[in-house]
Amino acid sequence: MFIYITYDTEGFITAYQNTEADGYTKVFILDSWITQFAQHSDKFRYDTDKKVVLNPGNLPELSLDELNTKYSDVLKTSQEAVNSATTLAQQQTVSATSINQLQQSITALALSQSAKETK
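Here the structure is a predicted model, which means the values were calculated and not measured. Here the residue numbering is sequential within each chain, running from 1 through the sequence in written order. Since the coordinates come from a predicted model, pLDDT governs what is reported: local features require at least 70, and pairs of side-chain atoms require 80 or more to be given and counted, while whole-chain, interface and lining totals use all residues. To get the side-chain values, take all heavy atoms of the structure and skip hydrogens and water.

Draft legend 1. Expanded view of the nonpolar core. To form a nonpolar core, buried Ala, Val, Leu, Ile, Met, Phe, Trp, Tyr and Cys residues must be joined to one another through side-chain atoms within 4.5 Å. Throughout this description, buried means an accessible area under 20% of the type-specific maximum (1.4 Å probe, protein chains only), exposed means over 50%, and partly exposed covers the range between. With eleven residues, the main nonpolar core is built from I3, I5, I13, V27, I29, W33, F37, F44, Y46, V53 and L59. Between two residues, a contact is recorded if the distance between any of their heavy atoms is within 4.5 Å. Apart from residues no more than four positions distant in its own chain, F37 is found in contact with I3, I5, I13, Y16, I29 and F44.

Draft legend 2. Main features of the pattern of salt bridges. Salt bridges are identified by distance alone: a Lys or Arg side-chain nitrogen within 4 Å of an Asp or Glu carboxyl oxygen. Evaluation of the coordinates by the stated rule reveals one salt bridge. Between D42 and K43 there is a salt bridge, and its shortest N-O distance comes to 3.8 Å. Residue class for D42 comes out partly exposed when judged on its relative accessible area of 45%. Overall, K43 belongs to the partly exposed group, its relative accessible area being 43%.

Draft legend 3. Structural view of the side chain of Q36. Secondary structure elements follow DSSP: runs of H or I of four or more residues count as helices, runs of E of two or more count as strands, with numbering from the N terminus. Its location among the elements puts Q36 in helix 1 (residues 34–40). With a relative accessible area of 19%, Q36 lands in the buried category. Each residue touching Q36, except ones within four places of it in the same chain, is listed here: S41, F44, N55, L59 and E61.

This is the structure in structure tokens:
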């Protein structure tokens, strides 16, 4: 498959697209590399002497579906943490209100007892 790339001074690919454009170099990517290239294009290098793209050969074996599942799991866990924090904050607000009401009741009782003792 032919694509068009840009690369930095060390040959690492910085951008790619399917259509020809100024500043892009036309290169051939093996069909077996397409999935890895789509996920890790910045790890591939362009050899300017041989005019070929080089696969680093040590890329993690993770499909886009697996990556999406992991992202969804992290998102779900984050949402659960936010929900737990919200529930905790609501409970603390209720507790603070209850403590405040208890303090007011104790103060009122103390004032009432103090008034009875002074009579």
